[in-house]
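Below are the chains, spelled out letter by letter.
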Amino acid sequence: MIGFAPHTRRLLSAAVIRRLPSVAVILLLSLAAAHPASAQERPRVTPEEYGRFESLLQPSIAPDGGWLAYRVRRVDETEELRIRPLAGDTLLVVPWGGAAEFSADSRWAAWSIGMSEDERERLREEEKPIHNRAGLRDLQSGVEREFASVRALSFDPSGRFLALHGYSPEDAQGRGADLRIVDLRSGTEMSFGNVSEVAWSDRGGLLALVIATGNEDGNAVHLYRANEGVLRVLDHSTSSYRRLAWRDDAADLAVLRSAGAMGADSTGHSVLAWRDLEQGPGARLELAPTPSDVPDTLQIVGHAGPRWTEDGRRIAVGLRPIPPGAAESDSAESSEAPELPGMQLWHTRDVRLIPQQKNLLAAQARRTLLAVWEPESGRVVQVASDLEATAGLTWDGQFGVERISAAYDWGTMFGRPYHDVWVTSTETGERTRAAERVRYSWESPDGRYLLTFDGTDYHAVELATGRGANLTEGLAGSFANQEYDTPTDLLPPHGTGGWMAGDASVLLYDRYDVWAVSPDGSGGRRLTNGADDSLIHRVIRLDPAARAFDPDASIYLSLRGEWTENRGYARLSEGRVERLVLRDRMVAGLLKADSAEVFLYREEGRDLSPNLLAGGPDLHDARQVTATNPFLADFAWTRAELLDFESEAGERLQGVLLYPVNHDPSRTYPMIVYTYEMLSPQMHSFQVPSERSYYNFSVWTQEEYFVLLPDIRYRARDPGVSAIEALRPAIGGVVERGLVDRESVGLIGHSWGGYQAAYLPTRTDLFAASVAGAPLTDFVSFMGQIHWGPGAPEVDHWETGQGRMEVPFWEDPEAHYRNSPLHAVHEMETPLLMAFGDDDGVVEWWQGTVFYNFARRAEKQMVLLVYEGEGHGFQREPNQVDYHRRILEWFGHYLKGDPAPAWITDGIPFAEFEAEAKRVAEGG
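Numbers given to residues run from 1 along each chain, matching the order in which its sequence is written. With the structure being a predicted model, the display of local features is reserved for residues of pLDDT at least 70 and the display and counting of side-chain atom pairs for 80 or more, all residues being used for whole-chain, interface and lining totals. Based on all heavy atoms of the structure, the side-chain values leave hydrogens and waters out of the count.

As for the overall build of the protein
- Helix and strand definitions here come from DSSP, where helices need a minimum of 4 consecutive H or I residues and strands a minimum of 2 consecutive E residues; each element is numbered from the N-terminal end. The number of helices and strands found in the protein is 14 helices and 55 strands.
- Every radius of gyration here is taken over C-alpha atoms, with the globule rule written as 2.2 Å times N^0.38, N being the number of residues. For 924 residues, the compact-globule estimate of 2.2 N^0.38 gives 29 Å, and the C-alpha radius of gyration of the protein, at 31 Å, lies within 12% of that figure.
- Projecting the C-alpha coordinates of the protein onto the three principal axes gives extents of approximately 85 × 75 × 70 Å.
- In the protein, which comprises 924 residues, the share counted as buried stands at 53%.
- For every accessible area listed, the method is Shrake-Rupley and the probe measures 1.4 Å; residues are considered covered only by the protein chains on display. Within the structure as shown, the protein displays about 40,700 Å² of accessible surface, and the carbon and sulfur contribution to it stands at 48%.
- Here the protein carries 91 positive and 136 negative side-chain charges, and the mean point of each set is 3 Å from the other. Note on classification: 1.4 Å probe, protein chains only; a residue is buried when its accessible area is under 20% of the maximum for its type, exposed when over 50%, partly exposed between these limits. A positive count includes Lys and Arg, and a negative count includes Asp and Glu. His and the chain ends are not counted in either. Charge coordinates come from a single atom per side chain, which is NZ of Lys, CZ of Arg, CG of Asp or CD of Glu.

Structural notes on the packing of helix 6 (residues 719-736) against helix 7 (residues 752-763)
- Lines fitted to the C-alpha atoms define the axes, with helices restricted to the stretch that makes contact. Angles between their N-to-C directions range from 0 to 180 degrees. As a packed pair, helix 6 and helix 7 sit with axes 10 Å apart at the nearest point and diverge in direction by 75°. On the basis of their axis angle, the class for helix 6 and helix 7 is roughly perpendicular. On helix 7, the residues touching P719, G720, V721, A723, I724 and L727 of helix 6 are W752, Y755, Q756, Y759, L760 and R763.
- The class makeup of the residues in the contact of helix 6 with helix 7 is nine nonpolar, two polar and one charged. For classification purposes, angles smaller than 35 degrees are called roughly parallel, those larger than 145 roughly antiparallel, those between 65 and 115 roughly perpendicular, and all remaining angles oblique. By the convention used here, residues are in contact when the closest approach between their heavy atoms is within 4.5 Å. Asp, Glu, Lys and Arg are counted as charged, while Ala, Val, Leu, Ile, Met, Phe, Trp, Tyr, Cys and Pro are counted as nonpolar; the rest, among them Gly, fall into the polar class.

With respect to the sheet that holds strand 13 (residues 189-200)
- Pairing between two strands requires that DSSP report at least two bridges joining them. Taken in spatial order, the seven strands line up as 10-11-12-13-14-15-16 in an open sheet, and their pairing is antiparallel. Edge strands, defined here as strands with exactly one partner in the open sheet, are strand 10 (152-155) and strand 16 (230-237). Pairwise comparison of adjacent strand axes, ignoring direction, gives a mean angle of 40° for this sheet.
- Two strands pair when backbone bridges link them, and strand 14 (residues 206-211) and strand 15 (residues 219-225) are joined in this way by six bridges, in the antiparallel orientation. Along strand 15, the bridge assignment pairs L209 with H222.

A closer look at the sheet that holds strand 40 (residues 567-573)
- Within the open sheet, the four strands sit side by side as 38-39-40-41. Their pairing is antiparallel. What marks the edges here is a single partner per strand, and that holds for strand 38 (535-539) and strand 41 (576-583). Between one strand axis and the next, the sheet turns by 25° as a mean value, whatever way the strands run.
- The sheet contact formed by strand 39 (residues 555-561) and strand 40 spans six bridges and is antiparallel. Note that in strand 40 the partner of L557 across the bridge is A570.

Re the confidence of the model for the protein
- Predicted confidence across the protein gives a mean pLDDT of 93, with 94% of residues reaching 70 or more.
- In this model, residues 1-39 is a region of pLDDT below 50 whose contacts with residues beyond four sequence positions or in other chains number 96 contacts.
- Confidence of the predictor in every single residue is expressed as pLDDT, which spans 0 to 100. Across residues 326-333, where pLDDT falls below 50, the model places zero contacts with residues more than four positions away in sequence or in other chains.

Thoughts on the nonpolar core
- Here, nonpolar core refers to any group of buried Ala, Val, Leu, Ile, Met, Phe, Trp, Tyr and Cys residues whose side-chain atoms link them within 4.5 Å. L657, M671, V673, L727, I731 and F767 are the most contacted members of the largest nonpolar core, which totals 54 residues.
- Looking at which element gives the most residues to this core, the answer is helix 6, with nine residues.
- In this view, L727 contacts V673, T675, P710, I712, G732, L747, L760 and F767; residues no more than four positions away in its chain are not counted.
- Judged by nonpolar contacts, the second largest core, of 42 residues, contains F53, W637, L679 and W903.

Thoughts on the packing of aromatic side chains
- Working definition: a ring pair exists when centres of Phe, Tyr or Trp rings (six-membered ring for Trp) sit within 6.5 Å. Plane angles under 30 degrees give stacked, over 60 give edge-to-face, the rest tilted. In this structure the tally under the stated criterion is 38 aromatic pairs.
- Here the aromatic rings of W637 and F686 are separated by 5.6 Å at their centres, their planes lie at 15°, and the arrangement is stacked. Of this pair, W637 sits in the loop between strand 45 (623-624) and strand 46 (640-646) while F686 sits in the loop between strand 48 (669-674) and helix 5 (697-702), placing them 49 residues apart in sequence. Per residue, the accessibility class of W637 equals that of F686, and both read buried.
- The ring of W903 carries R886 above its face, with NZ or CZ at 5.1 Å from the centroid. In this analysis the charged atom, NZ for Lys or CZ for Arg, is taken to sit over a ring once it is within 6 Å of the ring centre and within 35 degrees of the ring normal.

Structural notes on the pattern of salt bridges
- For salt bridges, the criterion is a side-chain nitrogen of Lys or Arg within 4 Å of an Asp or Glu carboxyl oxygen. Under the counting rule described, the total for this entry stands at 73 salt bridges.
- Between E443 and R403 there is a salt bridge, with the nearest N and O atoms lying 2.3 Å from each other. Placement of the pair is E443 in strand 30 (residues 440-443) and R403 in strand 27 (residues 399-404), with a sequence separation of 40 residues.
- Looking at E443, the relative accessible area reads 24%, which means it is partly exposed.
- The salt bridge involving R818 is made with D718; its shortest N-O contact spans 2.9 Å.

Section: unusual backbone geometry
- With a phi angle near 75°, E77 is a residue other than glycine that sits in the positive phi range.
- The residue E77 is located in the loop between strand 3 (67-74) and strand 4 (79-85) in this model.
- Since its relative accessible area comes to 38%, E77 is described here as partly exposed.
- One non-glycine residue, R243, lies in the positive phi region at around 65°.
- Tracing the chain through its elements places R243 in strand 17 (residues 241-246).

Some details on the pairing of strand 38
- Counting buried positions along strand 38 gives five out of five residues, so the element sits mostly inside the fold.
- With burial as the criterion, each face of strand 38 is covered, one bearing L535, H537 and V539 and the other bearing I536 and R538.

Focus on the packing of helix 12 (residues 877-896) against helix 14 (residues 913-921)
- One can describe the packing of helix 12 onto helix 14 by two numbers: an axis separation of 9 Å at closest approach and a directional angle of 80°. On the basis of the axis angle, helix 12 is roughly perpendicular to helix 14. Facing helix 12, whose interface residues are D882, R885, R886 and E889, helix 14 presents E916, A917, R919, V920 and A921.
- A class-by-class count of the residues in the contact of helix 12 with helix 14 yields three nonpolar, no polar and six charged.

Describing the pairing of strand 19 (residues 269-274)
- The buried fraction of strand 19 amounts to six of the six residues, a majority that puts the element mostly inside the structure.
- The alternating pattern of strand 19 places H269, V271 and A273 and S270, L272 and W274 on opposite faces, both of which are buried.
- Sheet topology places strand 19 next to strand 20 (residues 284-287); four bridges connect them, and they run antiparallel. Across the sheet, A273 pairs through a bridge with L285, a residue of strand 20.

Re helix 11 (residues 846-857)
- Between its first and last C-alpha atoms helix 11 spans 16 Å; for 12 residues at 1.5 Å apiece the expected length is 16 Å, and the two agree.
- Packing partners of the buried residues in helix 11 comprise helix 7, helix 8 (779-782), strand 54 (832-837) and strand 55 (862-867).
- At the C-terminal side of helix 11, E859 shows a positive phi close to 60°. By this rule the span expected of a helix is its residue count minus one, scaled by 1.5 Å.

A closer look at the environment of E914
- Position of E914 among the secondary structure elements: in helix 14.
- For E914, a relative accessible area of 68% gives the class exposed.
- Remark: the alpha-carbon pair of E914 and R203, spanning 711 residues in sequence, is separated by 64 Å.

Quick notes on the environment of I113
- Following the sequence through the fold, I113 ends up in strand 7 (residues 108-113).
- For the pair I113 and N132, spaced 19 residues apart in sequence, the C-alpha separation works out to 5.6 Å.
- Discounting residues that sit within four places of it in the chain, I113 has contacts with V94, P95, W96, G97, N132, R133, A134, G135 and E146.

Points about the side chain of D138
- Along the polypeptide, D138 turns up in strand 8 (residues 133-138).
- For D138, a relative accessible area of 5% translates into the label buried.
- In terms of polar contacts, D138 uses its side chain to reach the side chain of S141, at 3.2 Å.
- For D138, the contacting residues outside a window of four places in its chain are R107, W108 and V143. Contacts described as polar in this section are N or O atom pairs within 3.5 Å, which, within protein, must combine one atom able to donate a hydrogen with one able to accept it, while residues neighboring in sequence count only if both atoms come from side chains.

Some details on the side chain of R180
- Along the chain, R180 turns up in strand 12 (residues 177-183).
- Among buried Asp, Glu, Lys and Arg side chains, R180 stands out as unpaired, with E189 the closest opposite charge at 4.8 Å.
- A polar atom in the side chain of R180 sits 2.6 Å from the backbone oxygen of A148.
- Only 3.5 Å separates the side chain of R180 from the backbone oxygen of S149, close enough to count as a polar contact.

Take a look at the structure:
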């Protein structure tokens, strides 16, 4: 191992879219940006301007490709929905509009309408319900309607009807809500009361609805034929109904019905099913709560809804043990129950810690054992055997697949998980173990194969025969991720891109390329040629509902230059890869209209506000169709540069250098270095300025800092040393270019980055100041810490996760000391600002207080900010803004020489905290 002296030398070497008070149609602003004036002539963005900056969210396209919808959220927390025709020049703006949904015929758009937080607070104070509304627009005529009190909305698959589901009365337990069905052709409405659940069939106009009255009277499952306006009762009882499930591409329906009356303690459920409801009433099929084909200790429960297999022969259900009855009390011993101790019993053989078990109680109570029911034969086949395991069915329903890890408890406890894969034939009930001690496993979409990865090669097992094959042994590609820098006993794969139809081949990734590999072991071929110029190719699923790729259709691929950060898309067609778009920008989010060759993607950069481009299948003709932050050209803004450097360990690395606004090449600047892990992929990420985002690079560049985001590749047992080996040359390269004052470099990070911001000041005097948010500080104790959110131990995260220490403390204590900030706090010469929330469930905040007490005793310059009631990330706006402004004051003093406020130089007495907080809140 390489050691370092406690100290090292410093480096030698257009107009804004106005927020409208109501829905309006306005002229679409020009999308062509005006040619900006020179950077030196433009003003910086002040905090007063931050509120107007916009983020683009949830884009969608109408099925025919004619309309676009997207949401905009501003830093001042106002929001709006924008809808526009792709071939037109108008823009519909809906203040507080939610994501839009288009009808299948593309004629209609519907959306929810929320309200401001101020309005919500007013309603809370007046003890009035907080209900969203809904909007509807005829995209042909422009006619709009608005509906009050709508919790959820959905078009039917034909696009003729819109369901609007309201809110249940707050004082009526178990009661449903009003449901309105709008006939979009006539504009008429049909209303139903006490509806708790609705589901449209794929066959247009068929709606299943559950009636829940809140008592034993009137509960039912209804079928509404919207085309005919006919309502029919499928089943009614004193029971409750739940989990409506239509079969895909069919008019077959299933639902669960409680065994007891509504509100009773009974947990058992029967399954009801009807076939071909499009043609007529059909016979009702029923499975009792305790099927005869499974142990009488099990029953069907409501935690898992029924699911049809693709062919409709089977329905999947969930089983759980029947709860024991209430124990009978012995009247002879009747007395008050003893007061029980408030106690927990922790055992070292617990696979899950007691806090983790407590956190999982509710989820565990809802876990089920998978079984399948054949309605025609009445057979039930139990697939799953272990409530702790995961289980599923193949698409064709022929096999149930269960993954059980019980034999590998040690690995589960300490970050080396494995499982066995058991396969059950739903035809015969025969159960076999298809794979043993594997970490990565997948079923093929048509259910013919089980795919596994052993750290080097992929293997496949044919489920029907049990025949196995090594798929990649003879191929030239390397499918294990050799760049994975976290300690592991089994390298992960680069991943899979899906399957070709009929399970004919599986798409596998190596470092750069996509391979088509036969699952029978007969070979494979490389489909792309990204390795030639280090261009990473990955498959895009444009149709999430399609389980496999059509061999006669084109496959779209994302592109990323590993060393250029260029992004784009390519198309694989007839064995040839055609590059469609490749730009020095972030290009992401490719979407396709359902029934038209219209494509949409997002483009952004550090100096380019995110916008959407629409075009045809070649993408060459794509044009910008949104205009977020059109005022950006009015302000000075940063630019990004991709840096190449080599770490002191000989690793090729990169970093992103963000320039201060109005950069003057004749002078040097201070620089803030932000650390985490691999940050170069953020090269083209646009960031809106905000004081609630306390680590905001755009704000820092507006404050005339360079910002460096260096990559760090970590070495096992030396995460801190690895950071030093990366940062020294990265910073040195910037300083040697004359861009940065070597005496004015600051360091900052949060959580794992906060660890580095606490560690480096104890091992180097490279930095003039540092800011560490929620850092790990004590490497000896942290291995034994609990991640209190899930209640999980940190041991696996410590050895084989982000901590990267590989072994427990006692196997290599020197490595733990060498990489621990706390163990060299007495050597720290860098002023350190540390921030914690006192309710941090990720990094226990005593990691901060221990370091603080050590630094205090060692008489080092350190300030600890403790935000009350905050967790690992600060959520309350006053706390976010306070921390943001104190970071600027800290770096302003130590990197720029600004006068230091008293909290930096002397601290603030508790009695004066309120005045100090007010000073910062008022910007003083």
